[in-house]
Amino acid sequence: MEIDMVETDKKRKRNSSSTSTDSTLQWSQWQLLDSILPTGGFAHSYGLESAIQARLVSGPDDLKTFTLHLLDSTGSLLLPFVHSTTMNPTLENWHNLDRILDATLTNEVTRKASASQGSSLMRVAASMFTEVPSLKSMRDVCIGSGIDVSLHHAPVFGLVCGLVGMDSETSQRAYMFMTMRDVISAATRLNLVGPLGAAVLQHQIAPVAEAMFQKWMDRPVEDACQTSPLLDTIQGCHGYLFSRLFCS
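Parameters and conventions
Residues numbered from 1 in each chain as written. Predicted model: local features only at pLDDT ≥ 70, side-chain atom pairs only at ≥ 80, totals over all residues. Heavy atoms only, no water. Helix = DSSP H or I, 4+ residues; strand = E, 2+ residues; numbered from the N terminus. Buried < 20%, exposed > 50% of the residue type's maximum accessible area, 1.4 Å probe, protein only. Expected span 1.5 Å × (residues − 1). Polar contact = N/O pair within 3.5 Å; in protein donor to acceptor, adjacent residues only side chain to side chain. Salt bridge = Lys/Arg side-chain N within 4 Å of Asp/Glu carboxyl O. Axes fitted to C-alpha atoms, helices over the stretch in contact; angles between N-to-C directions. Parallel < 35°, antiparallel > 145°, perpendicular 65-115°, else oblique. Contact = heavy atoms within 4.5 Å. Nonpolar A, V, L, I, M, F, W, Y, C, P; charged D, E, K, R; others polar.

A. Focus on unusual backbone geometry. The phi dihedral of Tyr46 falls on the positive side, at around 60 degrees, and the residue is not glycine. Mapped onto the secondary structure, Tyr46 falls in the loop between α1 (2-33) and α2 (48-53). A relative accessible area of 18% places Tyr46 in the buried class. Backbone geometry places Asn191, a non-glycine residue, at a positive phi of 60 degrees.

B. Spatial organisation of helix α6 (residues 108-128). Between its first and last C-alpha, α6 extends 30 Å over 21 residues, near the 30 Å set by a 1.5 Å rise per residue. All of the buried residues along α6 are Val109, Ala113, Ser114, Gln117, Gly118, Ser120, Leu121, Met122, Val124, Ala125 and Ala126. Sitting at the amino-terminal end of α6 is Asn107, which places a side-chain oxygen 3.2 Å from the backbone nitrogen of Val109.

C. Seen up close, the pattern of salt bridges. Evaluation of the coordinates by the stated rule reveals seven salt bridges. Between Asp140 and Lys136 there is a salt bridge, with its nearest N and O atoms 3.0 Å apart. Taken as a pair, Asp140 and Lys136 lie in helix α7 (residues 133-144) at a separation of four residues, close to a single helical turn. Here Glu210 makes a salt bridge to Arg173, at a shortest N to O gap of 3.0 Å. One end of the pair, Glu210, is in helix α10 (residues 195-216); the other, Arg173, is in helix α9 (residues 168-189), with 37 residues separating them in the sequence. A single network of salt bridges, built from pairs that share partners, joins Glu169, Arg173 and Glu210.

D. Structural context of the packing of helix α3 (residues 60-77) against helix α4 (residues 79-87). For the pair α3 and α4, the least separation of the axes is 4 Å and the interaxial angle reads 40 degrees. One element, α3, and the other, α4, form an angle in the oblique class. Contacts between α3 and α4 involve Thr74, Gly75, Ser76 and Leu77 from the first element and Leu79, Pro80 and Phe81 from the second. By residue class, the composition of the contact of α3 with α4 is four nonpolar, three polar and no charged.

E. A look at the side chain of His152. Here His152 is to be found in the loop between α7 and α8 (153-164). Once you skip the residues sitting within four places of it in the chain, His152 turns out to touch Asp98, Leu101, Asp102, Leu105, Arg111, Ser114, Ala115 and Gly118.

Function-wise, these values are silent; they only describe arrangement.
Shown next as structure tokens:
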């Protein structure tokens, strides 16, 4: 009887420890998705601003179509890099995937925006997640060794998620959510839709975004592709705008 009570107490402590770890991980997950995280995501419109000036987007219906194309493109092109770095968050694998993505991105505006956001995320994560010292050491290696690393956002996000302890499915879905959140936020600042309309639109798009996520999740980097060449072209035109609110 006494042995059974001891075993029960041990199990209770193990379960309590596991629950505490899971709860802490959830706080980290939510913080990575928090809009106040200073990674510069809200400085980019993902090509929406140039699409508006090119008169490809002029209202809420066009915005919905644009967002769906953007999510599909994000899933096909960037989720493989998020998945691969989350599954294998090592310095060598991260550097290799960063180089591959740098060669894959087809326009300078997108490439610079990705590197800017990735560099900011790496700086913030290294300072924030002090319980994961490898984040700081990896960043220090990149800065101090002169290694040619562009710090693109998708591989950095997967690296951070993997080292913090997030599973690949959660990190990929989070990346899709951030893309949807940021482009709709950009739409409100471009006066394309109001805050309430933006919230309604995001809720309406969520089921379609989940279907796209299920379609593109867990794919190898070799399958990464661009499904919306017009979107890619529009994003590249942002640098030619005479006046602009966003960096990309």
